[in-house]
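Spelled out, the chains give:
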Amino acid sequence: MQSSRIVPYMGLGLAVLLLAAMALQYPLSATFPIGPDAPAHIRDALKLTKEYPGDASGIKILLRSPYPLSVAMLSATRILPISWPERFTWWITMGHIAVGLMIGLFVYRIHDWQAAAIAISMWAPLTVTLNNHFESGTLPQLWSLAFLLLFFERVAARSIAGSVTTFLLVLISHPITAVLVVLSATVSLPILFIYKSKLLLQEQRQTKILLGSLIIIYITSIVAFLHRYSSTTYWSGPHFPFHDIVTSPLSILLLLSIVGLIAMQKYLRKNIPLQVLFNSFQIITILLALNNLFGVDIWTYRFRSSVIVIMCISAAIALQALTSIVFTRKTTRVLFISSIIGIIALYAWQHNASVYARYEADDKYRRIHPDEKGASIWMKNHIPRDSFIVSTNVNRFSEWIPLYSNIRWEEIGASHPLFNATNVELAGYVPKTAYTHIIFFLRREQIPVNIQSNPQMFENIHTNDGAIVYKILQ
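Definitions and cut-offs
- Residues numbered from 1 in each chain as written.
- Predicted model: local features only at pLDDT ≥ 70, side-chain atom pairs only at ≥ 80, totals over all residues.
- Heavy atoms only, no water.
- Helix = DSSP H or I, 4+ residues; strand = E, 2+ residues; numbered from the N terminus.
- Contact = heavy atoms within 4.5 Å.
- Areas by Shrake-Rupley, 256 points an atom, 1.4 Å probe, with all protein chains shown as cover.
- Lys, Arg positive; Asp, Glu negative; His and termini not counted.
- Charge placed at Lys NZ, Arg CZ, Asp CG, Glu CD.
- Axes fitted to C-alpha atoms, helices over the stretch in contact; angles between N-to-C directions.
- Parallel < 35°, antiparallel > 145°, perpendicular 65-115°, else oblique.
- Left-handed = near helix turned anticlockwise from the far one by under 90°.
- Nonpolar A, V, L, I, M, F, W, Y, C, P; charged D, E, K, R; others polar.
- Pairing = 2+ DSSP bridges.
- Buried < 20%, exposed > 50% of the residue type's maximum accessible area, 1.4 Å probe, protein only.
- Polar contact = N/O pair within 3.5 Å; in protein donor to acceptor, adjacent residues only side chain to side chain.
- Core = buried A, V, L, I, M, F, W, Y, C linked by side-chain atoms within 4.5 Å.
- 1 Å grid on protein atoms, 1.4 Å probe; cavity = no way out; pocket = protein on both sides within 12 Å on 5 of 7 lines; lining within 4 Å.
- Points joined across faces, edges and corners; volume = space filled by probe spheres on them.

Draft legend 1. Region of interest: the overall build of the chain. Secondary structure assignment for the chain yields 22 helices and 5 strands. Projected onto its principal axes, the C-alpha coordinates of the chain cover approximately 85 × 50 × 45 Å. Contacts in the chain between residues at least 24 apart in sequence constitute 71% of all its contacts with a sequence separation of at least 6. Carbon and sulfur atoms make up 64% of the accessible area of the chain, which amounts to about 21,700 Å² in all. Averaging the locations of the 37 positively and 24 negatively charged side chains of the chain gives two centres separated by 15 Å.

Next comes the structure, spelled out in C-alpha cells:
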C-alpha cells in the first residue's frame, strides 16, 4: 500500500482510537449508570416486551413514547449477556462513539480526511466535560444526533432514499432533534424552490420528496396533537451554559468555530441543498440555544449538544484552514494540531475521572445506594410476585425499585394520606388501598410517625443500613 494512502488511514485511526478511549472511560470507571434518566429508558425497553411489572403495553409503548426508535434500539440490546444497568451504560457509550463517527463521516464528505480526524478528536473528550448526556442519562437525544448527522451526510451525497430515510429516523428518535430538523427543512425549502433552476436534477427530486415528507409530518402532527396530546410545552429549565464555555479551557472551540462557520461555506456551496439546510440548522440551533437572551426562555439547555456538534465541525475546519496558512511544513502543522487536541483531551480525561469517582463514592449519594438496591432485590426474593410496592418520590432513585424487585411499583408524594393520615384515618384508608408494601430510603427521608406508631397496620419485614421495607397489614 502506498504511503499516501496509509497516512489518511493512520490519522483517522488515531482519531477513532481517541474517541473510543474517551468514551470507554465511562463504563470502565463507573459500575452503575450515573444519569437519572437511565431507569426510565430501561423501563420503556422492558415494556416493549411486556417484562415491566404491572404493565402490558407491548408494542403500544412505541406509539406512546416520545423516543420510539430509542426504545426499540435499547430493547434490542437484551442480546448482550449483561444486566440492564450495564447495557444502558454500554449503549449510551456506543452512542457517544456513533456521534463521533458520524461527525467524521459528514466532515469527510464535505471536506477531507484531515478535517474529519480533527472533528472526531474534538468531539471525543466531550463526554461529561461540557456535554451532559452521560451525566443526565439522555440516551435518546445522544443517539438522535448520530441520525441527524447521517441525514446531512446523505443530503451531501445527494442520496434521495438515504436522506428521506434518515430524516424519518430523526423524527422518531428525539423530539428536540426532530424540531431542529423540521424547522431547518421548513426554512430551507422555500429558498431551494427559488433557486430551483440552479439545482441538479437529483437535487430537485430530493427537494420535492423532502417537501412531501414535510407536509405529511405537519398534517400528522396536527392531527395527533388535536386528538391525543395536551398542550404541554418546555417553557422552563436551566439555560445553555454559554458563560461556562467562554470561561473554560474549551473556549478555544468556540473561537475556532466562529472562523469555521465562514470557512465552511467554501465546501458547502458545492451542494446547494446541503448549504441551505445545514446553514439553516446552524442558525436555528444557535438561536434556540440562546433564546433566553431574547426574552423567550424556552428550555435552552436541551439544545447544547447540537451546538457542541456544530462547534466541533466548524472548529475542525477552521483549525485545518488556519494552520495551513500559518505552518508551511506538514509535520509542524500536525504537531500543532495534535498539541491542541492533546491539551483538550488531557483536561477532559482528568475532569471526567473526577466526575466518575464522585458518582462511585457511596457517601456522595449521587445514585441509588447499594443498600437500597439490596432491599429491592430482597423484595424480589421474599415477597409475593403479585405484591404492589409504594415509595415516596423524593428523588428518582425509586425508579430502580421495580427493575430490581420485578414487582409492581408506584411512587407517591410525601403529602399523600398514607404518610400523613391520623390513626383513625389510617384505619379506614389501609383496608381500601391496593398497596401491599412500602419501602423507605433512609439516606433521603425519615419514616413518617404514623407508620412507626401503627405496627398493627405496618409490619417491618426487612431493614438494612439504607432502607426499610414494611408490609401493609389489611
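Now that the structure has been shown, the text picks up again.
Draft legend 2. Up close: the packing of helix H4 (residues 68-76) against helix H5 (residues 84-110). Interaxial distance between H4 and H5 falls to 10 Å at its minimum, and their mutual angle equals 120°. Our classification of the angle between H4 and H5 gives oblique. Relative to H5, H4 is oriented so that their crossing is right-handed. In this structure, H4 uses Met-73, Leu-74 and Ser-75 to contact H5, whose residues at the interface are Trp-84, Phe-88 and Trp-91. When grouped by side-chain class, the residues that make up the contact of H4 with H5 number 5 nonpolar, 1 polar and no charged.

Draft legend 3. Seen up close, the sheet that holds strand E3 (residues 437-441). Here we have 5 strands laid out as an open sheet, ordered E2-E1-E3-E5-E4, and mixed in their pairing. For this open sheet the edge positions go to strand E2 (408-412) and strand E4 (458-463), each flanked by a neighbour on one side alone. On average, each strand axis in the sheet is tilted by 25° relative to the strand beside it, whichever way the strands run. Note that strand E1 (residues 388-392) and E2 share 5 bridges and pair parallel. Paired with Ser-391 across the strands is Glu-411, a residue of E2. In the packing of helix H18 (residues 370-382) onto the sheet, the strands contacted are E1, E3, E4 and strand E5 (467-472), and the crossing angle to E5 comes to about 30°.

Draft legend 4. Quick look at the side chain of Glu-445. As for its position among the elements, Glu-445 is in the loop between E3 and helix H22 (449-452). A relative accessible area of 11% places Glu-445 in the buried class. Within the local environment of Glu-445, its side chain forms a polar contact with the backbone nitrogen of Phe-441, the two atoms lying 2.7 Å apart. In terms of polar contacts, Glu-445 uses its side chain to reach the side chain of Arg-444, at 3.3 Å. Apart from the residues within four sequence positions on either side, Glu-445 is in contact with Thr-392, Val-394, Ile-439 and Phe-440.

Draft legend 5. Structural context of the pairing of E1. With 5 of 5 residues buried, E1 lies mostly within the body of the structure. A two-sided burial pattern is seen for E1, the buried positions comprising Phe-388, Val-390 and Thr-392 on one face and Ile-389 and Ser-391 on the other.

Draft legend 6. Spotlight on unusual backbone geometry. For Arg-158, which is not glycine, the phi dihedral falls at a positive 60°. Looking at the element boundaries, Arg-158 is found in the loop between helix H8 (139-156) and helix H9 (160-171). The phi dihedral of Asn-406 falls on the positive side, at around 60°, and the residue is not glycine. In this fold, Asn-406 is placed in the loop between helix H19 (401-405) and E2. In this structure Asn-406 comes out as partly exposed when scored by relative accessible area, which is 27%.

Draft legend 7. Representation of the packing of H8 against helix H10 (residues 175-194) in the model. Put simply, H8 and H10 touch, their axes get as near as 9 Å, and they point 25° apart. Judged on the interaxial angle alone, H10 and H8 are roughly parallel. Counted together, Gln-141, Ser-144, Leu-148 and Phe-151 of H8 and Ile-176, Thr-177 and Val-181 of H10 form the full contact between these two elements. Along the lines of polarity and charge, the residues of the contact of H8 with H10 split into 4 nonpolar, 3 polar and no charged.

Draft legend 8. Summary view of the nonpolar core. One finds Trp-123 and Ile-313 to be the most contacted residues of the largest nonpolar core, which totals 117 residues. In this structure, Ile-412, Leu-426, Ile-451 and Met-457 belong to the second largest nonpolar core, which totals 18 residues.

Draft legend 9. Main features of empty space enclosed by the protein. All told, the structure shown has 4 cavities of 30 Å³ or more when counted by the stated rule. As a volume, the largest cavity reaches approximately 80 Å³. If you go around the largest cavity, the residues you meet are Phe-151, Val-155, Ser-163, Val-164, Leu-189, Leu-192, Gln-206, Thr-207, Leu-210, Pro-273 and Leu-277. The set of elements that each furnish at least two residues to the lining of the largest cavity consists of H8, H9, H10, helix H11 (201-227) and helix H15 (272-289). Considering each element in turn, the lining of the largest cavity owes the most residues, 3 residues, to H11. Split into classes, the residues belonging to the lining of the largest cavity amount to 8 nonpolar, 3 polar and no charged.

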